[in-house]
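Here is what each chain is made of, one letter per residue.
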Amino acid sequence: MSSLVAEPLIAGMWHPLGRVVEQLDAALDDAEGLSLLGLDQAATAGALSVLTALESRLVELEHRVLAHAGEVVVADTTGAVQTSAWLAGTARLTRAEARRRVWLAHALERYEVLRAAFADGSVNREQAPVIAGALDDLPDDLDADVVEKAERFLVEQAALHDARDLRVMGRHLLEVVDPERGELEAAKRLEAEEEQAAQRARLTMSDDGHGTVFGRFQLPALHGAMLRKALDAILAPGHWNSEGHEPKKDLTTPQQNGEAFCELLETLTERDLPTTGGLGATVVVTMTLDALLGGLGEAVLDTGDRLSAATARRLACGANLVPVVLDGDGVPLDLGRGQRLYSKGQRLVLAVRDRHCTAEGCETPAHRCQAHHDHPWSQGGPTDLAEGRLLCWRHHRMVHDPRWAYEIHRTGPPGTRSTLRFRLRN
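This write-up is about the structure you can find in this document. In this text, all values refer to a predicted model and were calculated from it rather than measured experimentally.

A word on the overall build of the protein chain. If you tally the helices and strands in the protein chain, you get 17 helices and 11 strands. The buried share of the protein chain, reckoned over its 426 residues, is 33%. At a minimum sequence separation of 6, the contacts of the protein chain that also span at least 24 residues come to 52%. Of the roughly 26500 Å² of accessible surface on the protein chain, 56% is carried by carbon and sulfur atoms.

Encoded structure:
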């Protein structure tokens, strides 16, 4: 016998359970070190299926004995306060897990249909607590036959659905067994959940002092879905699809979401936000004339944060930033020429002409692109169609990133669609 702990306990056990435990222990001893050589594909699949069912049956037996442990006050054997504390200490479980097991043990005493399904292996150990929890959440004043109907429904569904699906079904269980009352209760629950979610909405942001802001947020489900939809729209297939230019598939999901969130923030305009102090929600960037004209250096936001001159030049193409150019004495020279931004009419012409991002190989649609000046506006470039092009958010960043070089590839006369070819600088 492999278990040094179980052997003396089984030896003194006169109850029929002792024989069952002894046989189980002996069978597992036979399986220990058993070679699986020669076990083919079909036999392996069959064995795993049976073992999963056997696991459920064994776990049900464990919980049945655990419920009995409370009746005979097993906790007294170690001086524990309650059964869960005894179980945590004896089985080296966390207190939380021990409490969950004791709760399920008592729940199985209340729900005989569930217990029987657990005992024959048709409900697994992941499904059982979900079903029991859903039944516990039903109103206390339901008739016993209605509760049994709900119990049988979930047990039947366990043959077709996993625990996650069962949890969703459990939230609407009353609507299945008592539709009229279920609809009323569901409406009340949703109203309460929405009110609680709105009260719990939080957003925290912290600056690490090294150019990164991190934070956490908690949103109502509606607004979480809205944010997810917005990010999904930006991350739609083909949005970042540029051959040879850091394709989207090379980024992890968190990285993709992070970049999409940055793009979402950059595409907000003053029209999207309310004014404050008589001004729109405008980010003001202060930089030297040399930096604006293409040199190195840095720019300063009106919040006191700093960013590279390259990033500032890229943002200067957008509609939600005003560059403040200073002379050597810090006197403002320019707050933006009136025709810096492309008009709606010009944007429409660019969309018709370019159709999508003009970076070679990128097919991000026109409505997801930004207008860019080939001859930088900061260096006196005109805001006209011949000098303009559409670039997606990613390639617009690359144009202003000093790590990348690009050339304009023209196939027609000036003013017709041309493409940008990127390459990393040596």
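Evaluation of the coordinates by the stated rule reveals 14 salt bridges. E55 is the salt-bridge partner of R125, the closest N and O atoms lying 3.2 Å from each other. Taken together, the residues span a long stretch of sequence, with R125 in the loop between α6 (112-119) and α7 (127-136) and E55 in helix α3 (residues 41-71) at a distance of 70 residues. Residue classification places R125 among the partly exposed positions, given a relative accessible area of 37%. The salt bridge involving R389 is made with D374; its shortest N-O contact spans 2.7 Å. Of this pair, R389 sits in strand β9 (residues 388-392) while D374 sits in the loop between β8 (369-373) and β9, and the two are 15 residues apart along the sequence. Take R389 and D374: they sit in the same class, and that class is buried. Within this structure, E60, R64, E112 and R115 form a network of salt bridges that share partners.

Cut-offs applied
Residues numbered from 1 in each chain as written. Predicted model: local features only at pLDDT ≥ 70, side-chain atom pairs only at ≥ 80, totals over all residues. Heavy atoms only, no water. Helix = DSSP H or I, 4+ residues; strand = E, 2+ residues; numbered from the N terminus. Buried < 20%, exposed > 50% of the residue type's maximum accessible area, 1.4 Å probe, protein only. Contact = heavy atoms within 4.5 Å. Areas by Shrake-Rupley, 256 points an atom, 1.4 Å probe, with all protein chains shown as cover. Salt bridge = Lys/Arg side-chain N within 4 Å of Asp/Glu carboxyl O.

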